[in-house]
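Descriptive analysis of the structure
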Amino acid sequence: MTGKMPTTVAEPRSAVFLDRDGTVSEEIGYVYDASQYRVFPWTGTAIQRLNAKGLHVILATNQSGIERGYFTEDMVHRVHRNLSDEIGRSGGRLDAAYFCPHLQDSCRDCRKPHPGMLYRARDEMAVDLETSYMVGDRQTDVQAGKAAGTRTILVMTGDGRNQRDLYRDSEVQPDYFANTLSDAVDWILEDVDSAERQSESRRGQ
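Predicted model, so just to flag it, every value in this text is computed and none were measured.

Calculation criteria
Residues numbered from 1 in each chain as written. Predicted model: local features only at pLDDT ≥ 70, side-chain atom pairs only at ≥ 80, totals over all residues. Heavy atoms only, no water. Helix = DSSP H or I, 4+ residues; strand = E, 2+ residues; numbered from the N terminus. Core = buried A, V, L, I, M, F, W, Y, C linked by side-chain atoms within 4.5 Å. Buried < 20%, exposed > 50% of the residue type's maximum accessible area, 1.4 Å probe, protein only. Contact = heavy atoms within 4.5 Å. Disulfide = S-S within 2.5 Å.

So, about the environment of E73. Along the chain, E73 falls in helix α3 (residues 73–88). Note: C-alpha distance between E73 and D137 (64 residues apart in sequence) is 23 Å.

Moving on: the nonpolar core. Residues V16, L18, L50, L83, V135, L181 and I188 are the most contacted members of the largest nonpolar core, which totals 35 residues. Of all the elements in the fold, those that place two or more residues in this core are β2 (15–18), α1 (43–52), β3 (56–62), α3, β4 (96–100), β5 (133–136), β6 (151–155) and α7 (181–204). The leading source of residues in this core is α7, at seven residues. When near neighbours in sequence (up to four residues on either side) are disregarded, V135 contacts V16, F17, L18, D19, T23, I153, V155, L181, A184 and I188. Of all hydrophobic cores here, the second largest spans 17 residues; its members include A60, A96, Y98 and M134.

Now for the state of the cysteines. For the coordinates displayed, the defined rule picks out zero disulfides. Unpaired in this structure, C100 has its nearest cysteine sulfur neighbour in C110, at a distance of 3.1 Å. Given a relative accessible area of 0%, C100 falls into the buried group.

Let's shift gears to unusual backbone geometry. The omega angle of the peptide bond from K112 to P113 is 25 degrees, so this bond is cis rather than trans. Along the chain, P113 falls in the loop between β4 and α4 (116–125). You will see that A126, though not glycine, has its phi angle at about 55 degrees, which is positive. With respect to the helices and strands, A126 occurs in the loop between α4 and β5. A126 gets classed as buried once you look at its relative accessible area, which sits at 15%.

Printed below as a string of structure tokens:
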């Protein structure tokens, strides 16, 4: 499991984990070159709103093309720099980016639906997983979030609309179905505000 090494913080904080392709950017299959990468126009503003609320924003993406030999880890880092630059134009930032370079058959830890990337962020960034969120366009994103104990959101961009059919008879359901990342952020911020109001009410009793 590889990714940007964040600075460890002392106090646990909530985080929003974001899948990459199909969630913050267009789903085009394997991204062989950074010039192919296209960020959704609403992504930067959505992430800036999470930053402003004091939430960690952490990318967690499967990139098996590395083990397949389709591209290198350096290319993934270039894509993530492009993503960070695009987010920065809206005043937002990623606090960390993790990616799993492995094929499904060779990974029992970090590749989603396994929660290894989320656990690593918990340990390295003092993330409170119970008050955190996982947002993605695939069932594996939801499964990883559920395994780590976060709330989960399935977006309808990328593969999301096709993936929604998987939940008709499934016992594992996302906490929310969102049209886009922007819609997901609306729901997250309202959920955080609701939790804060409840906490204040309990303290006032």
